[in-house]
Amino acid sequence: MTAILQQPRPAAPAAGAPLLSLAGVGKRFGNQVTALDGLDMEVRRGEFLSLLGPSGCGKSTALRLIAGLAEPTSGRIAFNGNDGLAAGKRRRLIGPASAGHPAIGFVFQEPTLMPWASVFGNVHLPLKLAGTGRREAEPAIMEALELVGLDGFRDAYPRELSGGMKMRVSIARALVTKPRLLLMDEPFAALDEITRFKLNNDLLQVWRQLNCTIVFVTHSVFESVYLSTRILVFRARPGRIAAELAIDPALERDEAFRTSPEYAALCRQTSTALAAAMNAG
Ligand SMILES: Nc1ncnc2c1ncn2[C@@H]1O[C@H](COP(=O)(O)OP(=O)(O)OP(=O)(O)O)[C@@H](O)[C@H]1O
């Protein structure tokens with residue numbers, strides 16, 4: 001993503017009014033597992049929110065409920081103050097933005113690319129599903145590819161790309177609808193540390209440039225502190241929020257920050273909150 005990094009750095013978007021809220025949300029699966037119970041959380045416009053917690057505490061379930069990929073067993077999910085949108089309606093927000101509704105982009109842990117389609121074809125998919133043909137979609141596809149530094153790879157196939165590049169394609173596919181809300185489920189967990197650090201920096205750049213809101217699921221204390229303006233620490237059995245940490249959005253997130261005493265102190269604080277959450281589970 002060198003193209004973006006050479007541009008002057010836009011200011012981080014200011015976190016503002018609530019974009020969506022979950023009130024008393026519970027999710028019980030058919031196998032009697034209660035993944036979430038009484039989850040109250042709010043996502044504010046423009047923030048970079050991480051959901052941090054041990055395996056199985058319901059982070060992915062919370063993300064899937066927000067995206068409308070599943071329905072809560074109890075409680076309410078409100079978007080833009082529009083209370084109680086059913087899953088089908090939330091799911092329709094995954095796609096191009098429509099008046100008054102924030103389009104949602106979803107990035108999964110695996111890049112989940114179509115092996116038979118080129119990079120261009122893979123990024124085209126959400127617009128194609130919305131009925132936009134290749135030619136009409138081309139400017140948006142190229143813009144998304146440029147954002148992730150892959151505009152030179154439009155005709156490449158997934159088998160020709162590294163793990164990090166595949167994830168960039170997956171991010172471009174989520175960005176092509178110009179979402180105001182980007183949901184990311186441990187997108188960098190399978191990548192080596194150097195690629196992960198690079199993608200962390202590039203994701204922050206995309207967030208600033210698009211002025212969007214990001215909800216990011218991770219297991220990593222270090223990653224959550226580096227990226228976020230706010231962290232919600234989850235506890236398990238049943239999944240709910242155990243702690244909330246705010247991180248000054250004005251802090252410069254760069255290599256100097258990664259090795260600073262301030263970063264170390266924030267990681268220690270977050271780690272302590274996570275350990276307490278795990279002991280409570
Ligand atoms: N479709 C499903 N059917 C049955 N149980 C499920 C389903 N999806 C999740 N669960 C269970 O719900 C609980 C929460 O799962 P979830 O994937 O949300 O947690 P997580 O915090 O994201 O975990 P991880 O970090 O390991 O991905 C787990 O016990 C899981 O086994």
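- You'll find the protein entered in an unreviewed UniProt entry as Nitrate/sulfonate/bicarbonate ABC transporter ATP-binding protein, with Ancylobacter defluvii given as the organism.

### Considerations on the overall build of the protein
Here is step 1: A count of helices and strands for the protein gives 10 helices and nine strands.
Here is step 2: Considering the protein as a whole, with its 281 residues, one finds that 40% of them fall into the buried category.

### Focus: the sheet that holds strand β7 (residues 213–218)
Here is step 1: Taken in spatial order, the six strands make up an open sheet running β5-β6-β7-β3-β8-β9, and their pairing is mixed. Only two strands of the sheet have a single partner each, and these edge strands are β5 (104–107) and β9 (240–246). The average undirected angle you get between the axes of adjacent strands in this sheet is 15°.
Here is step 2: Relative to strand β8 (residues 230–235), strand β3 (residues 48–52) is paired through four bridges, and the arrangement is parallel. Residue pairing for β8: S50 is matched across the bridge by I231.

### What about the nonpolar core?
Here is step 1: Ranked by size, the top nonpolar core spans 71 residues in total, and within it A172 and L183 carry the most contacts.
Here is step 2: If sequence neighbours within four positions are ignored, L183 has contacts with L63, I66, A67, I104, G105, F106 and V215.

### A closer look at the site of the ligand
Here is step 1: If you check the shell around the ligand, you find 13 residues, and the closest are F29, A35, S55, S60 and T61.
Here is step 2: Among the elements that line the shell around the ligand, the one with the most residues is helix α2 (residues 59–67), at three residues.
Here is step 3: Here the residues of the shell around the ligand sort into four nonpolar, eight polar and one charged.

### Regarding the sheet that holds strand β2 (residues 34–44)
Here is step 1: Reading across from one edge, β2-β1-β4 is the order of the three strands in this open sheet, with antiparallel pairing throughout. At either end of the open sheet lies a strand with only one pairing partner, and these are β2 and β4 (74–79). Averaged over all pairs of adjacent strands, the angle between their axes in this sheet comes to 10°, without regard to strand direction.
Here is step 2: As judged from the five bridges shared by strand β1 (residues 18–28) and β4, these two strands associate in the antiparallel manner. Note that in β4 the partner of A23 across the bridge is R76.

### So, α2
Here is step 1: Within α2, seven of the nine residues are buried, leaving the element largely enclosed by the surrounding structure.
Here is step 2: Three or more residues of α2 are buried, namely K59, T61, A62, L63, L65, I66 and A67.
Here is step 3: A positive phi of about 80° marks G68, the residue just after α2.

### Observations concerning unusual backbone geometry
Excluding glycine, a negative phi dihedral is what most residues carry, and trans is how most peptide bonds are arranged.
Here is step 1: With omega at -10°, the peptide bond leading from R237 into P238 counts as cis.
Here is step 2: Tracing the chain through its elements places P238 in the loop between β8 and β9.
Here is step 3: In this structure, N211 is a non-glycine residue whose phi angle is positive, near 55°.
Here is step 4: Topologically, N211 is positioned in the loop between α7 (193–210) and β7.
Here is step 5: Under the C-beta neighbour-count criterion, N211 is labelled partly exposed, with 14 such atoms within 10 Å.

Here is what the cut-offs are and how they apply
- Residues numbered from 1 in each chain as written.
- Predicted model: local features only at pLDDT ≥ 70, side-chain atom pairs only at ≥ 80, totals over all residues.
- Helix = DSSP H or I, 4+ residues; strand = E, 2+ residues; numbered from the N terminus.
- Buried ≥ 20, exposed ≤ 12 C-beta atoms within 10 Å, placed from the backbone.
- Pairing = 2+ DSSP bridges.
- Axes fitted to C-alpha atoms, helices over the stretch in contact; angles between N-to-C directions.
- Core = buried A, V, L, I, M, F, W, Y, C linked by C-beta atoms within 7 Å.
- Contact = placed C-beta atoms within 7 Å.
- Near = placed C-beta within 6 Å.
- Nonpolar A, V, L, I, M, F, W, Y, C, P; charged D, E, K, R; others polar.

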